[in-house]
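Spelled out from the first residue to the last, the chains are:
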Amino acid sequence: MALRSLVPVLLRATTPRRAAAPLSSLAASAPRERPDDPPGGPGPQSGSQPPRPAPVPAVDFDDSAAAYRSRTSWELLRGLLVLRLCAVEPLLQRHQQLLTTSQKLLGQRLFDWLMKMTFYGHFVAGEDQEAIKPLIQHNQTFGVSSILDYSVEEDLSHKEAEEKEIESCTAAAERDGSGTSKREKQFQVHRSFGDRRDGVTGARTYFYANEAKCDHHMETFLRCIEASGSATEEGFCAIKLTALGRPQFLKSLENMGISTKSNIQSWFTGEMLGLSGTVDLLDWNSLIDNRTKLSKLLLVPNMEGQPPSTLPFSLQTGQLEPLLSHFTEEEDLQMKRMLQRMDVLAKRAMEVRVRLMVDAEQTYFQPAINRLTLEMQRRFNVEKPLMYSTHQCYLKDAYDNVSLDVQLAHREAWCFGTKLVRGAYMTQERERAAAVGYEDPINPTYEATSTMYHRCLNYILEEIKHHGRASVMVASHNEETVKFALLRMKELGLHPSEKKISFGQLLGMCDQISFPLGQAGFPAYKYVPFGPVKEVLPYLSRRALENRGMMKGAQRERRLMRKELKRRLLSGEFFYRPAAC
């Protein structure tokens, strides 16, 4: 009987892949600094003359005219005002109170107008799928495509958010005392960190209400997919798995890795791995099949009461038990619905040729999110990358995660796709690790995170160069990181016309990076948020706070805006109207 469980650790082996593995399997090879040669052997023999690749276009990030060619002078003035206000510390400290007071004094209609003239107009594309189309099409004429993101968030108090989180992350058996949690400390529920919004400025947060709300989120994502498919070519749509089901299930899936990495590796011998170097642990079709009960699929070894020194022996001789043994029938069904919602979104995205980008979340959710995304990639990334994962480079184990995922994709002959980010939960993660008592998962300094980002990016670029079936989005507002990517592309001969490497920034931020890239022929994208004014205020709050944390970049952006306005004034082009390139 095959072990029907996910283990969020990729096993290491040296056996090359010779046959297609089952949909669910684990990689079994060690990380390397550069991908191996393809199965057909090394590249051309000496003496052959491969065609010389086209030169990688040069990009000038100091050219203010190119950076703001798509913007009117009014939009530049508005941008200067918004970014300047984001740098005023007293305003930022009281911005929520100011927004609330303004709404009461002005009334909703006048308040909406004021926001559309300022912060909302700068950072948000529009209220619905139809309203955002002109901006999407306008940006595309200047070489910049879109990643659609419905940015509506619930306006919950701290206490309400905390209660919802505790309720949604605890199984019924744990609440009534009939079962106990076997989670490691990092993955247990802690009331003091119940409000997952605390300390987070770079990502939106979903709180579970009920299954109907999750269905509503799925329908919203479906509309985003439809809008992206109709408004832009080769577009993206961003989704979050915590919007599609109870967070409890993501934390429960962590228990599929209830041992240390070294102990898990000892479960499997070379004979068990076989020629493929993989072991069948899960079948996606079975997970989403209504006729199958998940508690019968997800089994883990019973290790309770066993000292670490005896774990390998006990795992070889002990019995398997259901991971979800204490789940009620309703909880079992709720988890299946979450997986089915993921499947619906992926199938619709494939039909309309839109790529799905699964956003990263907190570390106590992320291993399960990675595993579920990986299963979807196995199924849907056969010919080209439809599903993109997200790797957070502020994590100490980021390189291991990236290299193992790349190797697994190469071994199983599917297309790897990921978005590389620095990360959005640093403050919260550090505070939680210190309070709960586990190792801080975050790199010690910003410089260490940048080094990790560049190392991960270089590894993927090498994979693209030597095997050609990987894709990466460089999602960064850091100009030095973008320049590093361009330099490595030039050194490796990776031309932007191959569309394997893309670049992404938020709408309203770093136009001096996005638009010169797009006009030079690089796949460049803006993360395009949309939603009604009142319901995207939490998003606008985060953008204001995030700009405060990026003071150096914002100062450079304001300097380039002033330079372009001055150029237009002196050249008589102040009333310039953008026209397509």
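Residues numbered from 1 in each chain as written. Predicted model: local features only at pLDDT ≥ 70, side-chain atom pairs only at ≥ 80, totals over all residues. Heavy atoms only, no water.

Considering the overall build of the protein chain
This is how the line gets drawn: To qualify as a helix, a DSSP run of H or I must reach at least 4 residues; to qualify as a strand, a run of E must reach at least 2; elements of each kind are numbered from the N terminus. Think of it in three bands: residues with accessible area under 20% of the maximum for their type are buried, residues over 50% are exposed, and the middle band is partly exposed, with areas taken using a 1.4 Å probe on protein chains only. Contact definition: two residues touch when any of their heavy atoms are within 4.5 Å. Using a 1.4 Å probe, the Shrake-Rupley method yields the accessible areas, and only the shown protein chains count as cover for residues.
Helix and strand counts for the protein chain stand at 24 helices and ten strands. Per-residue burial over the protein chain gives 55% buried out of 581 residues. In the protein chain, the share of contacts with a sequence separation of at least 24, taken over all contacts with a separation of at least 6, comes to 81%. Approximately 25100 Å² of the protein chain is accessible, and the part contributed by carbon and sulfur atoms is 54%.

Some words on the sheet that holds strand β5 (residues 355-358)
As a reminder, the rule being used: Each pair of strands is called paired provided DSSP finds at least two bridges between the two strands. Angles here are taken between N-to-C directions and fall from 0 to 180 degrees, while the axes themselves are lines fitted to C-alpha atoms, restricted in helices to the stretch in contact.
With parallel pairing, eight strands are arranged side by side around a closed barrel as β1-β2-β5-β6-β7-β8-β9-β10. Along the sheet, successive strands turn relative to each other by an average axial angle of 30 degrees, direction set aside. As paired strands, strand β9 (residues 501-506) and strand β10 (residues 524-530) are joined by four bridges and run parallel to one another. When the sheet's bridge partners are listed, L506 is paired in β10 with Y527. Along the sheet, helix α20 (residues 446-466) contacts β7 (416-421), β8 (470-475) and β9; its crossing angle with β8, the most-contacted strand, is approximately 150 degrees.

Describing helix α2 (residues 73-85)
Keep this limit in mind: Expected helix span is given by 1.5 Å per residue-to-residue step, counting one fewer step than there are residues.
For α2, with 13 residues, the first-to-last C-alpha span of 18 Å sits near the 18 Å given by 1.5 Å per residue. Among the residues of α2, those classed as buried are S73, L76, R78, G79, L80, V82 and L83.

Regarding the pattern of salt bridges
Going by this rule: Put simply, a salt bridge is a Lys or Arg side-chain nitrogen that is within 4 Å of an Asp or Glu carboxyl oxygen.
On inspection of all chains with the given rule, the structure shows 24 salt bridges. Across the pair R348 and E226 runs a salt bridge, and its minimum N-O distance is 2.5 Å. Of this pair, R348 sits in helix α16 (residues 329-352) while E226 sits in helix α9 (residues 211-231), and the two are 122 residues apart along the sequence. Judged by relative accessible area, R348 falls into the partly exposed class, the value being 25%.

A few points about the environment of E479
In plain terms, the rule: Polar contact is defined as a pair of N or O atoms within 3.5 Å, subject to the rule that within protein one atom must be able to donate a hydrogen and the other to accept it, and that residues adjacent in sequence are counted only when both atoms are side-chain atoms.
Relative to the elements of secondary structure, E479 occurs in helix α21 (residues 479-492). Residue E479 is classed as buried on the basis of its relative accessible area, which comes to 14%. Through-space distance from the C-alpha of E479 to that of I513 is 7.1 Å; in sequence the pair is 34 residues apart. If we skip the residues at most four places from it in the chain, E479 touches F61, Q512, I513 and R556. Within the structure, the side chain of E479 is placed 2.8 Å from the side chain of R556, a separation counted as a polar contact.

Things to note about the nonpolar core
Condition: Here, nonpolar core refers to any group of buried Ala, Val, Leu, Ile, Met, Phe, Trp, Tyr and Cys residues whose side-chain atoms link them within 4.5 Å.
Counting 65 residues, the largest nonpolar core has L345 and L540 as its most contacted members. The dominant element in this core, judged by the number of residues it contributes, is α9, at seven residues. Look past the residues within four positions of L345 in its chain and what remains in contact with it is M218, F221, L222, I225, I239, L244 and L356. Of all hydrophobic cores here, the second largest spans 44 residues; its members include L408, Y425, L492 and I513.

Points about the pairing of β8
As a reminder of what qualifies: With strands facing away from the observer, any crossover in which the path from the first strand over the helix to the second runs clockwise is taken as right-handed.
By the criterion of burial, β8 is predominantly enclosed, with six of the six residues buried. In this sheet, β8 lies alongside β7 in parallel orientation, the contact comprising five bridges. From the neighbouring strand, T418 faces β8, where its bridge partner is V472. Bridge count for β8 against β9 is four bridges, and the pairing is parallel. Across the sheet, V472 pairs through a bridge with I501, a residue of β9. With α21 bridging β8 and the parallel β9, this β-α-β connection has right-handed handedness.

Quick notes on α16
Between the first and last C-alpha of α16 there are 35 Å, a value that for 24 residues agrees with the 34 Å anticipated at 1.5 Å per step. Once α16 ends, the next one or two residues include R353, with phi positive near 60 degrees.

Regarding the packing of α16 against helix α17 (residues 366-380)
Two quantities define a packed helix pair, namely the angle between the axes and the distance from one axis to the other. We count it as follows: Just so you know how the angles are binned, under 35 degrees is roughly parallel, over 145 roughly antiparallel, 65 to 115 roughly perpendicular, and the rest oblique. Each crossing is labelled by how the near helix is turned from the far one, with a counterclockwise turn of less than a right angle marking it left-handed and a clockwise turn marking it right-handed. Residues are sorted three ways: Asp, Glu, Lys and Arg are charged, Ala, Val, Leu, Ile, Met, Phe, Trp, Tyr, Cys and Pro are nonpolar, and all the rest, Gly among them, are polar.
Remark: α16 packs on α17, axes separated minimally by 11 Å, with the N-to-C direction vectors making an angle of 40 degrees. Classed by the angle they form, the pair α16 and α17 counts as oblique. When you trace α16 past α17, the crossing you get is right-handed. Here α16 contributes M338, L339, M342, D343, A346, K347 and M350 to the contact with α17, which in turn contributes L372, M376, R379 and F380. Taken together, the residues that form the contact of α16 with α17 break down as eight nonpolar, no polar and three charged.

Side note on unusual backbone geometry
For R353, which is not glycine, the phi torsion reads 60 degrees and is therefore positive. Relative to the elements of secondary structure, R353 occurs in the loop between α16 and β5. Judged by its relative accessible area of 68%, R353 falls in the exposed class. Of note in this structure, A413 is not a glycine but carries a positive phi near 65 degrees. Along the chain, A413 turns up in the loop between α18 (398-412) and β7.

What about the pairing of strand β1 (residues 144-150)?
For β1, the buried fraction is high: seven of the seven residues fall into the buried class. Burial along β1 is two-sided: V144, S146, L148 and Y150 and S145, I147 and D149, pointing in opposite directions, are all buried. Examined bridge by bridge, β1 and β10 share seven bridges and lie parallel to one another. Across the sheet, the residue bridging to D149 is P529, located in β10.

Description of the packing of aromatic side chains
Note the following rule: Geometry of aromatic contacts follows a simple scheme: Phe, Tyr and Trp rings, the Trp one being its six-membered ring, pair when their centres are within 6.5 Å, and the pair is stacked under 30 degrees between planes, edge-to-face over 60, tilted otherwise. Lysine and arginine charges are scored as sitting over a ring when NZ or CZ, respectively, is within 6 Å of the ring centre and within 35 degrees of the ring normal.
Enumeration over the complete set of coordinates arrives at six aromatic pairs. Ring plane angle 90 degrees and centroid distance 5.5 Å describe the contact between F574 and F575, whose orientation is recorded as edge-to-face. Taken together, the ring pairs in this structure connect F236, Y388 and Y525 into an aromatic cluster. A cation sits over an aromatic face here: R422 above Y453, 4.9 Å from the ring centre.

Topic: a nonpolar patch on the surface
As a reminder, the rule being used: Residues with no salt bridge and a relative accessible area higher than 30% make up the patches, which join like charges within 9 Å and nonpolar side chains (Val, Leu, Ile, Met, Phe, Trp, Tyr) within 5 Å.
On the surface, W74, L77, L105, L106, L110, W113, L114 and M117 cluster together to form a nonpolar patch covering roughly 800 Å² of accessible area. Taken together, the elements giving at least two residues each to the nonpolar patch come down to α2 and α4 (95-117). Within the element layout of this structure, W74 appears in helix α2.

Observations concerning the confidence of the model for the protein chain
Quick note on the threshold: Note on scores: pLDDT gives the predictor's confidence for each residue, bounded by 0 and 100.
Chain-level statistics for the protein chain give a pLDDT mean of 75 and a share of 65% at 70 or above. When the criterion is pLDDT under 50, residues 37-46 qualifies, and its contacts beyond four places in sequence or with other chains add up to seven contacts. Note that residues 175-182 has pLDDT below 50 and, in this model, 14 contacts with residues that lie over four places away or in other chains.

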